Amino acid sequence: MTKIILEVKNLKKTFGQFVAIEDISFSLEEGQILGFLGPNGAGKSTTIYCILGLVDPDFGSINIFGEDVKKNRSEILKQVNYASAEYSLPWNLSLWECLLVYGRLYEVWDLKKRITELLDVFEMSHLKTKAIRDLSFGQRARGNLCKALLNKPKLLLLDEPMASMDPDVVDKGISLIKQIQIEEKMSILYTSHNMWEIEEMASDVVFINHGKIIAQGSPLQLTQQVLKGEAAEPNLRDVFIQLSRQQ
Ligand SMILES: Nc1ncnc2c1ncn2[C@@H]1O[C@H](COP(=O)(O)OP(=O)(O)OP(=O)(O)O)[C@@H](O)[C@H]1O
Ligand SMILES: [Mg+2]
């Protein structure tokens, strides 16, 4: 039977008079990578902050591993992780120190071995003594991904994780995340504005705009529905443009 890892139901969030999320419901199965797409300001990051319990929704429920996040947040979050190019690791610590601190917070077993493995996988071993402030954008983003995988999360929330990486590193990043995802049966909610990345990573996509879901399906199904043709290959770039301009 399919196991539901994340279930978001009728989520609503307002900031004053402004409705950031009107009504969003979706679920994520074990081992699924779900692309979470939408134009700037659509409500993607706000939804992710609600899932992490950093923003309090006005209405709706969020269940992770079948439990209400509000009731058992710290236990649940031990098996969850998050990365975004928007947020940096602590500026003054070295990469190694950062990973040690986060690894201890997550109570990672055999931590130094895990950090060494991840730095090796992300080709960052030679940068481990550098302070975060001295890393390039793309290197910091790779450091964030190492942090996000430290605790072998069952649920990984990735909010434009590779936004500042060069295409070669993105290509390697995609292969690495996919490989780790299969090995560890991770479920991933994946946000990006790079449609090629989503086509490579996601089996299914939820497209939101103005805080509402306006389309969903596999990349190929969405392409056929939205572009109204017999497309044989996904074309999420054209789907994105068309859906964004509809309203
Ligand atoms: N703390 C806040 N106070 C007021 N408005 C906010 C706040 N946080 C987000 N918003 C608004 O909510 C809307 C959704 O923002 P959000 O960051 O979720 O968008 P997004 O889909 O992640 O966009 P992007 O693709 O640019 O990252 C935006 O219009 C934003 O201005
Ligand atoms: Mg965002």
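In case you missed it, the structure is sitting above this.
Summarised in this report is the structure supplied together with it. (Residues numbered from 1 in each chain as written. Chains lettered and ligands numbered in written order. Predicted model: local features only at pLDDT ≥ 70, side-chain atom pairs only at ≥ 80, totals over all residues. Heavy atoms only, no water.)

## A word on the overall build of the chain
Assigned secondary structure in the chain consists of nine helices and ten strands. At 18 Å, the chain has a C-alpha radius of gyration in line with the 18 Å of a compact globule built from 247 residues. Seen through its principal axes, the chain has C-alpha atoms that stretch 50 × 40 × 40 Å. Here the chain holds 247 residues, and 49% of them are scored as buried. Sequence separation of 24 or more characterises 66% of the internal contacts of the chain that already satisfy a separation of 6 or more. In the structure as shown, the chain presents an accessible area of about 12300 Å², 49% of it carried by carbon and sulfur atoms. One way to put it: in the chain the 28 positive side-chain charges average out to a point 5 Å from where the 32 negative ones average out. (Helix = DSSP H or I, 4+ residues; strand = E, 2+ residues; numbered from the N terminus. Rg over C-alpha atoms; globule rule 2.2 N^0.38 Å. Buried < 20%, exposed > 50% of the residue type's maximum accessible area, 1.4 Å probe, protein only. Contact = heavy atoms within 4.5 Å. Areas by Shrake-Rupley, 256 points an atom, 1.4 Å probe, with all protein chains shown as cover. Lys, Arg positive; Asp, Glu negative; His and termini not counted. Charge placed at Lys NZ, Arg CZ, Asp CG, Glu CD.)

## Re the pairing of strand 4 (residues 59-64)
Pairing of strand 1 (residues 4-15) with strand 4 involves five bridges; the strand directions are antiparallel. The residue bridging Lys-9 from the neighbouring strand is Ser-61, located in strand 4. Note that strand 4 and strand 5 (residues 67-68) share two bridges and pair antiparallel. Paired with Ile-64 across the two strands is Glu-67, which belongs to strand 5. (Pairing = 2+ DSSP bridges.)

## Overview of the site of ligand 1
Near ligand 1 lie 13 residues; those nearest to it are Gly-41, Lys-44, Ser-45, Thr-46 and His-193. Taking Gly-41, its main chain carries an N or O atom lying 2.8 Å from an oxygen atom of ligand 1. When isolated, ligand 1 has an accessible area of 640 Å², and the protein chains bury 60% of it. Only strand 2 (18-29) and helix 1 (44-52) provide two or more residues apiece to the shell around ligand 1. The greatest single-element share of the shell around ligand 1, amounting to three residues, is contributed by helix 1. Looking at the shell around ligand 1 residue by residue, the classes come out as five nonpolar, six polar and two charged. (Near = heavy atom within 4 Å. Polar contact = N/O pair within 3.5 Å; in protein donor to acceptor, adjacent residues only side chain to side chain. Nonpolar A, V, L, I, M, F, W, Y, C, P; charged D, E, K, R; others polar.)

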